[in-house]
Amino acid sequence: QVQLVESGGGSVQAGGSLRLSCVASTYVYSMAWFRQAPGKDREGVACIELNGVPMYADSVKGRFTISRDNAKKTLYLQIDSLKPEDTAMYFCAAGPRCTWYSSSFGAWGQGTQVTVSS
């Protein structure tokens, strides 16, 4: 079972930036970031294929940048221009292909909290 460990979350002011990281214990194919706020459904934020092709949710496009370093087995999410509505637990996930459905991903990290104050 692949293990995923996220880091980089924190508390920041609106307009600030964060860089999240996710280290995988083994080689993986597609990797994604999901987020879940209290009382809300888990939503896909960004996903990246093994070949580097990215996908973004409309709500974060232009502000979030997903990337990966296959040699380091590490996934990144650069978050700029943070908004209070970005506040959520961010989860790293790995699966066979990029989709917006959480059930498509078989491996999940423990999550890293992002809190944005107005």
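Residues numbered from 1 in each chain as written. Predicted model: local features only at pLDDT ≥ 70, side-chain atom pairs only at ≥ 80, totals over all residues. Heavy atoms only, no water.

1. Topic: the state of the cysteines
Here is step 1: Tallied over the full model, the rule gives two disulfides.
Here is step 2: In this model C22 forms its disulfide with C92; the gap between the sulfur atoms is 2.0 Å. Its S-S torsion of approximately -75° makes the covalent link between C22 and C92 left-handed. A residue pair is termed long-range when its members are at least 10 positions apart, and C22 in strand β3 (residues 18-24) and C92 in strand β9 (residues 88-95) qualify at 70 residues.
Here is step 3: Overall, the relative accessible area of 0% leaves C92 in the buried class.
Here is step 4: Note that C47 is cross-linked by a disulfide to C98, the S-S spacing being 2.1 Å. (Disulfide = S-S within 2.5 Å. Helix = DSSP H or I, 4+ residues; strand = E, 2+ residues; numbered from the N terminus. Buried < 20%, exposed > 50% of the residue type's maximum accessible area, 1.4 Å probe, protein only.)

2. Re the nonpolar core
Here is step 1: Of all hydrophobic cores here, the largest spans 28 residues; its most connected members are L4, M31, W33, L75, L77 and Y90.
Here is step 2: Listed by contribution, the elements that provide at least two residues to this core are β3, β4 (30-36), β5 (43-48), β7 (64-69), β8 (74-79), β9 and β11 (112-117).
Here is step 3: In this structure, A32, A93, C98 and F105 belong to the second largest nonpolar core, which totals six residues. (Core = buried A, V, L, I, M, F, W, Y, C linked by side-chain atoms within 4.5 Å.)

3. Considerations on the sheet that holds β7
Here is step 1: Ordered by their spatial adjacency, four strands build an open sheet running β1-β3-β8-β7, and the pairing between neighbours is antiparallel. The open sheet has two free edges, formed respectively by β1 (4-7) and β7, since each of these has just one partner strand. On average, each strand axis in the sheet is tilted by 15° relative to the strand beside it, whichever way the strands run.
Here is step 2: As paired elements, β7 and β8 share six bridges and run antiparallel to each other. (Pairing = 2+ DSSP bridges. Axes fitted to C-alpha atoms, helices over the stretch in contact; angles between N-to-C directions.)

4. Brief notes about the pattern of salt bridges
Here is step 1: Summed over the entire model, instances satisfying the criterion amount to three salt bridges.
Here is step 2: When the shortest N-O distance is used, the salt bridge between R35 and D86 registers 2.9 Å. Remark: D86 occurs in the loop between β8 and β9 and R35 occurs in strand β4; sequence separation between them is 51 residues. Residues R35 and D86 agree in their burial class; the two are buried.
Here is step 3: A salt bridge links R63 to D86; the nearest nitrogen and oxygen atoms lie 2.7 Å apart. Separated by 23 residues along the polypeptide, R63 in the loop between β6 (54-56) and β7 and D86 in the loop between β8 and β9 bring together distant segments of the chain.
Here is step 4: Relative accessible area serves as the criterion here: at 1%, D86 is assigned to the buried category.
Here is step 5: Connected through shared salt-bridge partners, R35, E43, R63 and D86 make up one network. (Salt bridge = Lys/Arg side-chain N within 4 Å of Asp/Glu carboxyl O.)

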